[in-house]
Structures are given as C-alpha cells and as structure tokens.
Amino acid sequence: MPIPSLAPDKSGSFEEFWLCLSQFALDPCYKNAGYTVPARVLGLVYANQSEECYKADLKFPLLDTYEGYFTDKNVKIDRIIVLLTDQSQIFSSEEQRLHQKSPYWKDTSTIKPLLQWYFQNSNFTCHPEFEYLIPDQNSPGVDNWDATLSLVEAKLTDLNIDVNQEVYVSHQAGTPAISSAVQFVTIGRFKKVQFLVSNEYFDENYDLKSKSQVIESSRYQRGIQIQKAKQLINKGLPAAAKEVLLGIVDDEMFTEINEVADFFNLKNSFIKGQEFEVKSAVDRILISLDLIEIFFIQENYIQGIALLSATQETFLKAAIFSQKRKIDDSIFQISSVVDWNRSGLFLESENHLNKFNNMQNITAFLKSLSFPPPVSGDFDFYHWEKYQRERNNSLKLNNSRQFKWLCELKPDFKPWANLSWSCQYKRDREDDLRNQLLHNLLGVKKPEVINYILGYSDDIINIFSASTQQSNNKDELLINEVHRAYVQNVKSPLLKALKLFGLSKETGIYNKLQTKLQQIAESII
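Caption draft 1: Representation of helix α7 (residues 176-189). With 14 residues, α7 ought to run about 20 Å at 1.5 Å a step, and its terminal C-alpha atoms sit 20 Å apart, in line with that. Where α7 is concerned, the buried positions are Ala177, Ile178, Ser179, Ala181, Val182, Gln183, Val185, Thr186 and Ile187.

Caption draft 2: Examining the packing of aromatic side chains more closely. Enumeration according to the criterion identifies 28 aromatic pairs in this entry. Taken together, the ring pairs in this structure connect Tyr46, Tyr54, Phe60, Tyr69, Phe70, Trp117, Tyr118, Phe119, Phe124 and Tyr168 into an aromatic cluster.

Caption draft 3: Structural view of the pairing of strand β7 (residues 330-333). Across four bridges, strand β6 (residues 324-327) lies against β7 in antiparallel orientation. The residue bridging Lys324 from the neighbouring strand is Gln333, located in β7. Remark: two residues form the turn of the hairpin made by β6 and β7, two consecutive strands paired antiparallel; Asp328 in that turn has positive phi of roughly 55°.

Caption draft 4: Representation of the side chain of Asn511 within the structure. Mapped onto the elements of the fold, Asn511 is located in the loop between α21 (479-500) and α22 (512-523). Reaching out from Asn511, the side chain makes a polar contact with the backbone oxygen of Asp290 at a distance of 3.2 Å. The contact partners of Asn511, leaving out residues within four places of it in the chain, are Asp290, Glu293, Ile294 and Lys491.

Caption draft 5: Seen up close, the confidence of the model for the protein chain. Looking at the protein chain as a whole, its pLDDT mean stands at 83, while 84% of the residues score no less than 70. Of all helices and strands in the protein chain, the one with the weakest mean pLDDT is helix α18 (residues 433-440) (54), whereas helix α16 (residues 399-409) scores best (96). Low pLDDT (under 50) marks residues 1-21, which in the prediction has 31 contacts with non-local residues, meaning those over four places away or in another chain. Low confidence marks residues 471-476, where pLDDT is under 50. Its contacts with residues over four positions away, or in another chain, come to three contacts.

Caption draft 6: Broad picture of unusual backbone geometry. In this structure, Asn74 is a non-glycine residue whose phi angle is positive, near 55°. Relative to the elements of secondary structure, Asn74 occurs in the loop between α3 (61-73) and β1 (80-85). Owing to a relative accessible area of 71%, Asn74 belongs among the exposed residues under this scheme. Phi at Tyr456 is positive, roughly 55°, even though this residue is not glycine. When you line up the elements, Tyr456 lands in the loop between α19 (446-453) and α20 (458-466). Given the relative accessible area of 21%, Tyr456 is considered partly exposed.

Caption draft 7: The arrangement of the environment of Val214 in detail. Examined against the element boundaries, Val214 turns out to sit in strand β5 (residues 208-216). Since its relative accessible area comes to 21%, Val214 is described here as partly exposed. Once residues lying within four places of it in the same chain are set aside, the contact partners of Val214 are Tyr69, Tyr168, Gln194, Phe195 and Leu196.

Caption draft 8: A look at helix α12 (residues 301-322). With 22 residues, α12 extends 31 Å from end C-alpha to end C-alpha; this agrees with the ideal 32 Å at 1.5 Å per step. Here α12 lies mainly inside the structure; 16 of its 22 residues are buried.

Caption draft 9: Up close: the pairing of strand β8 (residues 338-341). Alternating residues of β8 divide into Val338 and Trp340, all buried, and Asp339 and Asn341, none buried. Pairing analysis gives four bridges linking β8 to strand β9 (residues 344-347), with the strands arranged antiparallel. Note on β9: the bridge partner recorded for Trp340 is Leu345. Counting the residues that bridge the hairpin from β8 to β9 gives two residues.

The rules behind these values
For every chain, the first residue of the written sequence is number 1, and numbering continues from 1 along that sequence. With the structure being a predicted model, the display of local features is reserved for residues of pLDDT at least 70 and the display and counting of side-chain atom pairs for 80 or more, all residues being used for whole-chain, interface and lining totals. In computing side-chain values, all of the structure's heavy atoms are included and hydrogens and water are not. The way it works is that DSSP assigns letters per residue, a run of H or I at least four long becomes a helix, a run of E at least two long becomes a strand, and they are numbered from the N terminus. Here a helix's expected span is defined as the number of its residues, less one, multiplied by 1.5 Å. The rule is simple: take the accessible area with a 1.4 Å probe, protein chains only, and divide by the maximum for that residue type; under 20% is buried, over 50% is exposed, in between is partly exposed. Pairing of aromatic rings covers Phe, Tyr and Trp, the last counted by its six-membered ring, and requires centre-to-centre distances within 6.5 Å; plane angles under 30 degrees mean stacked, over 60 mean edge-to-face, and any other angle means tilted. Two strands form a pair only when DSSP identifies at least two bridges running between them. N or O atoms within 3.5 Å of each other form a polar contact, as long as, within protein, one can give a hydrogen and the other can take it, and as long as residues adjacent in sequence are counted only when both atoms are side-chain atoms. Note on contacts: a residue pair is in contact if any heavy atoms of the two residues lie within 4.5 Å. On a scale of 0 to 100, pLDDT captures the predictor's confidence in every residue.

Spelled out as structure tokens, the structure:
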C-alpha cells in the first residue's frame, strides 16, 4: 500500500502524499509479498492510524512463529521484555537525519504502539515490558559492537531477572551488534538459555513459510568458545586455546593442539639423549626462528630476545660441530676434537687430541683445523695457557672464540650484525638487552629492540630507518617494524647460513609454525 509522507506543512501537521514503494518491496514481482520500511518511519506513519489499518496492513512474521512455537509446545511465558532503540541523541540535527539511510531511521522506539497492539491480540497472557537502548550523544551508536555490548550489559543487569530462571531469547530482529551482544550477555548471565530462531522455507506449493526452532545455549557457547580458541591459536597462543577447548573438541584434535603447544617449549624437537646431536639442534633452531617471529609480532619482546640469543648460540655450536677438515690424506670431523654438553662447547684435552695428532705440536694441529688460538692480549689467553699446561683439562670455548673459529672454517660465511655484535667480548654491556632483561629485569622499548636486532650498527640502522615509516611519536615505531627488522636482518641470513654449512636445505622465510597454527585453527569445527 502507499504510505503517507512525513513532510510537515506550514501549520506543523503532516501533509499526506503517496510515495512509490517499489524500493521497499520484498518481491517486486509479487505485490502480496509486502513491503519493508525503516522502523522509525513505520512507527511515525501509523502513530495516528486506526487499529483497522494495523490489521489490514501489518505483518509480524517473527512474532507469529514464536507464538506458534510456544502454543505448540505448551510453554507458559511469565514475562516478555522487548528491547527497542533510540539514537535521537546522536542524530539530533535535521542534517544528520536527512539521508534516508541514516541509522536514525532504523530505530525501533516508535513502533512500541504497534507491538502493544500485536500482543493485545495474541495468545500471550502477559503484557510486554519495553526497555530502551539509548546511546548518549558521544556514543558511536548501536552498530558499534563494543559500545552496544556495554549498553546491553547495563540494561540486562537493571532488569533483575533470576539467573536460574529459564530464559528464551530472540536476537534476529536487531542490528548485528545488538544480536551478538544479546547472545553474549545472556549466555554469560543466565544458567539456562534457549535461543528462539525463525527459519524460512518453501512448502509443497512453493509458498514461503516460517517456523520457529529452539537452539540450546550450549551450541552457542560452543561456537563462541571455538571462535575464541581459533583467535588464540592464530595469535600463537595454543596453550591458552587448550583451556578454552577443554571438553569441546575430540581427543585427536586436543592431542594436535597439545603437540603444537609443546613446540612453544621446544618439547618435541629432540629425543632424550640426542639433545646435542646436530640434526636435533638444527630442528630446534628452525622452530625457534619461527617462534621468535611470532613473539615479535605479539610484541612479546622479552621472550623474543631471550630465545634469539639462545638460538644464535646453538647455531654457533651446531655449525662448528658439523664441520670437517682434510689434513694430509685424512678427513677430521670437528666433532672428534670438541665436546658439546649442557655446560657448553669444549675443546678436548691435549691428551685426547694426541690420539689424532701423533704427539705433534697441538697448536699447529688445531690451526690445521682452522682453529684460531688465543694470542697475548686476548680475553681468553690466560685460559689457553692453562689448557696447554694441564694436558688432561678441556678448554671451554665462549661465544667469541666460537664465532672466530666459525668464520675461519667458512671464509665465505657472512655473519649478520646481531651475531657479530653479540659475539664481541668487549662490547657495551648496557646495550646488551638480553643481559639487562635477564639479570636486571629492565623493560624495553621498540626502538631499543630494533637497534639490538640490527647489532647497534649505525650504517645498518640508518639504512633501515630510511625505509621505515614512523608514527607521530618519534619514540614509538609501528608494530610491524620490529618484525620486519628481525626477518630481514636475522632470520633470513641465519637460514642462508644453515644452508651454507650444510645444516639445512631450507632458505624460505615463511613461517611454517604459523601456517601449522592456522591449519589447526581452520580444522576446529
């Protein structure tokens, strides 16, 4: 039917004129299908109409199917609460209301008389209570998820409904934000919630029909929990997801989540007794490189820095341990002259080395293995002299000596800035974030993390800064810049080094652990 316009005449009363309703038709090819118009418009138009117009013109398909369900199931409803919206405080000016798609026209506050008329003529035995969601002037409105959640929480708290009472909830008639808020709040507030939904279908005559169905709140809760778990897994927090999914997923899925959670503690990367074998160490390095990346994306810088330091130290040991040298006609495995255990990497005692050296000069023998012996003035020269005197003692090789040896073993090895800096014995200890974090519990800022990753090299920092977009606050860098600095200046060159030393064939920088997390998240249903 044509609807009278709301344009006021000079006397202030509404002048009626007919509008074309083709844009509001549910089915342009079938006039009897009816029309849909913005709720506020509907309420204002019918405010002064007779109840005969209501009966002739208006349809309430959702309420009809709900009434049918309660009647068929013989469910007695003690209380009906209807949530209506009014955003007039937000859209207070004529200019804000002028556009026909303004959210102001979607408000349902004006249709209260229509709903009252419906319930008076229905089989419901109780009168509905009308409550209003009224965002204030500075609120983003009922299309905003966070703000609407707060409105609904406050409103349902004020209603003083017994949490132990069975509650039926319909959420289909609101905005997506209101619908989600009503679901979330009622599930969290009431112990027994039934969600009443109306489903459309075509009967045998191809006529569109509607029928109500109750969905147990447990299914909604399961869906919410699964979505929450998926977010946690994708963010690299599988251990937190385990708690959310407890009792929801099957044992096979829970085992898979457990396994990937163990990766974050490197539990599955070696077999007991094989911790210091090269393959096991390389597996841990590859996993750690992905973990560090995830930590930096999360802005968990302390974990990332600590694991980065351990990963690079493990790389030094594994790379040295894996190498070999040809002396005369014999091939010597470096692993035969060093010992790698929980205390570190050690050069075997002279008595042990004499098994391979035939009592020749030990220093010359080690030099033939590309080992750079400490010289006078080196920080470890005292320990070197002691090692030569005490022929049954081994010599612990610190990071600096390991780094020098590794560079001699592979002259074409190109160390990255952070590795070079961290292996300097004489360096500014205040700049050593790893030591400051672990020994003094000092905090860290993003620019400090980037400078640390780049090995405090002025040239590299300047090049990186030139390509970096900074925010208005010069002390704060964009979140992804730490991640970018790590991938470009540590992860990528370390992967290339693993290939150079024959430890791994992989050089791609994509995050396999993150891909695994995404696959698990997608498989949870």
